[in-house]
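A closer look at the structure
These are the residues of each chain, in order.
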Amino acid sequence: MGKKGKVRVKQKGGAGAANVNPLADLMQPPAEDMIMPPQRGDPNVSIPWPSMFRNMDSSNFIVIYPTYLDSTKTVKVGRRISKVECVEEPS
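The structure presented is a predicted model; accordingly, all values stated were derived computationally and were not measured. Within every chain, residues take consecutive numbers counted from 1 along the sequence as written. In keeping with the predicted nature of the model, local features appear solely for residues at pLDDT of at least 70, side-chain atom pairs appear and are counted solely at 80 or more, and the whole-chain, interface and lining totals rest on all residues. Values shown for side chains rest on all heavy atoms present in the structure; no hydrogens or waters enter the calculation.

Once that is clear, we can look at the overall build of the protein. Elements are defined by DSSP. Helices are runs of H or I of four residues or more, strands are runs of E of two residues or more, and each kind is numbered from the N terminus. A count of helical and extended segments in the protein gives 2 helices and 0 strands. Exposed residues in this analysis have more than 50% of their type's maximum accessible area, buried residues have under 20%, and partly exposed residues fall in between, with area computed by a 1.4 Å probe over protein chains only. In the protein, which comprises 91 residues, the share counted as buried stands at 7%. Nonlocal contacts in the protein, meaning residues at least 24 apart in sequence, comprise 3% of its contacts between residues at least 6 apart. Per-residue accessibility takes into account occlusion by the displayed protein chains alone, with areas from the Shrake-Rupley method and a 1.4 Å probe. When the accessible surface of the protein is totalled, it reaches about 9,800 Å², and 57% of it is carbon and sulfur. Any two residues whose heavy atoms approach within 4.5 Å are treated as being in contact.

In structure tokens, the structure reads:
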């Protein structure tokens, strides 16, 4: 049987060749394939809310999440109404 333990790999080339990455060209994609973040909007521009929403008290809002109406969910997962009244995939 053979020796047990670590396997040694002999590198070819001189001392300077060990520091060269043969795949360095593939590390950086071409500039046209780079995904750039969107440009920021002008901070001096404001988008006003309609006046009817300005004076509303958001603590009285009622939120209905799709999970509440999903017939494939259980009560433990978050369904809030009976299966008869639910739909299969609410959106």
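Okay, the side chain of Asp70 next. Assignment of secondary structure puts Asp70 in the segment after helix 2 (51–54). Note that His is not counted, nor are the chain ends; the positive residues are Lys and Arg, and the negative ones are Asp and Glu. The working definition used for a salt bridge is a side-chain nitrogen of Lys or Arg within 4 Å of a carboxyl oxygen of Asp or Glu. Salt bridges are absent for the buried Asp70, whose nearest opposite-charge side chain, Lys73, sits at 4.4 Å. Counting of polar contacts relies on pairs of N or O atoms within 3.5 Å, with two restrictions inside protein: one atom must be capable of donating a hydrogen and the other of accepting it, and residues adjacent in sequence are counted only when both atoms are side-chain atoms. A polar contact of 2.8 Å, which involves the side chain of Asp70, links it to the side chain of Thr72. Dropping the residues within four chain positions of it, Asp70 is found in contact with Arg79, Cys86, Val87, Glu88, Glu89 and Pro90.

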